[in-house]
Amino acid sequence: MDSAPVVTLQPIVLMGVSGSGKSTVGERLAAASGRVFIDGDDLHPAENKEKMAAGIPLTDDDRLPWLRRVGERLAVGDGAIVACSSLKRAYRELLREYAPEAYFALLSGTRELLEQRLAGRHHEYMPTTLLDSQLATLEPLDSDERGGVFDIARPVDDLVAEIRAALAAGEPVDIGAPAEGDIIC
Ligand SMILES: Nc1ncnc2c1ncn2[C@@H]1O[C@H](COP(=O)(O)OP(=O)(O)OP(=O)(O)O)[C@@H](O)[C@H]1O
Ligand SMILES: O=C(O)[C@H](O)[C@@H](O)[C@H](O)[C@H](O)CO
């Protein structure tokens, strides 16, 4: 007997600079939509965490192995919600090599609000002083990239609802419609 085809689900990447709410919104979105949440922070090699903890911004070369790990996780096909800064278009292009259908939700806000948010939280390794380099590195989504921009001034539950509504209203993504007997993983 043929084995049932495996259907892949569209992954969602919460992107944006440090303090924009990727982990907070991502966790809540995953809970609301019954999906797995993956924090990209947990996929950084130890050297990257040490560098950031020392207040040194990561380079493209530092980020490459980390982005590959994030990409491999996106490619699993289980529709995971993944928090990953994805600051440059080239980084997103790399992630799309693993998951062409990925939806990027950019959490965007003013420097002032980001500073407030960073001041009000404790992070394992990320110092507030890296905000300038994060903002300088950020290349917002281009109009030809699949995704949307969401305002971090909104409450977390509103952001979750807005992202879900944007996904529901979006163009259908050709990732294979489930049929009877398919295994959804
Ligand atoms: N929409 C929101 N409204 C109010 N507070 C928020 C909102 N989003 C996030 N926060 C708070 O802002 C702080 C930063 O959020 P969070 O740690 O999720 O950001 P992040 O983008 O994952 O940061 P990093 O990339 O540095 O890990 C947290 O204290 C969080 O509770
Ligand atoms: O690309 C980067 O510079 C890093 O991913 C950072 O964004 C941090 O990992 C994150 O902000 C802390 O969670």
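Reference entry: report on the structure contained in this document. These numbers were taken from a predicted model, which means no experiment stands behind them.

**Examining the site of ligand 2**
In the vicinity of ligand 2, the contacting residues are Ser18, Asp41, His44, Met52, Arg63, Trp66, Ser85, His123, Tyr125, Met126 and Gln134. The contact in question runs from an oxygen atom of ligand 2 to an N or O atom on the side chain of Tyr125, over 3.3 Å. Starting from 330 Å² of accessible surface for ligand 2 in isolation, the protein chains cover 95%. Grouping the constituent residues of the shell around ligand 2 by class yields four nonpolar, five polar and two charged.

**Side note on the nonpolar core**
Counting 38 residues, the largest nonpolar core has Leu14 and Cys84 as the members making the most contacts within it. Of all the secondary-structure elements, those providing two or more residues to this core are β2 (12-15), α1 (22-33), α3 (60-74), β4 (81-83), α4 (89-98), β5 (103-108), α5 (111-119) and α7 (156-169). Top contributing element to this core by residue count: β5, with five residues. Sequence-distant contacts of Leu14, defined by excluding residues within four places in its chain, comprise Lys22, Val25, Gly26, Leu29, Ile81, Val82, Ala83, Cys84, Ala105, Leu107 and Ile163. Counting five residues, the second largest nonpolar core, distinct from the first, contains Met52, Leu58, Met126 and Leu130.

**Focus on the packing of α1 against α7**
Two quantities define a packed helix pair, namely the angle between the helix axes and the distance between the axes. Contact geometry for α1 and α7: axes closest at 9 Å, N-to-C directions at 60°. By the criterion of interaxial angle, the relationship of α1 to α7 is oblique. The interaxial crossing formed by α1 with α7 has right-handed handedness. Contacts between α1 and α7 pair Thr24, Val25, Arg28, Leu29, Ala32 and Ser33 from the former with Val156, Asp157, Leu159, Val160, Ile163 and Arg164 from the latter. Each residue belonging to the contact of α1 with α7 can be placed in one class, and the counts come to seven nonpolar, two polar and three charged.

Definitions and cut-offs
- Residues numbered from 1 in each chain as written.
- Chains lettered and ligands numbered in written order.
- Predicted model: local features only at pLDDT ≥ 70, side-chain atom pairs only at ≥ 80, totals over all residues.
- Heavy atoms only, no water.
- Near = heavy atom within 4 Å.
- Polar contact = N/O pair within 3.5 Å; in protein donor to acceptor, adjacent residues only side chain to side chain.
- Areas by Shrake-Rupley, 256 points an atom, 1.4 Å probe, with all protein chains shown as cover.
- Nonpolar A, V, L, I, M, F, W, Y, C, P; charged D, E, K, R; others polar.
- Core = buried A, V, L, I, M, F, W, Y, C linked by side-chain atoms within 4.5 Å.
- Buried < 20%, exposed > 50% of the residue type's maximum accessible area, 1.4 Å probe, protein only.
- Helix = DSSP H or I, 4+ residues; strand = E, 2+ residues; numbered from the N terminus.
- Contact = heavy atoms within 4.5 Å.
- Axes fitted to C-alpha atoms, helices over the stretch in contact; angles between N-to-C directions.
- Parallel < 35°, antiparallel > 145°, perpendicular 65-115°, else oblique.
- Left-handed = near helix turned anticlockwise from the far one by under 90°.

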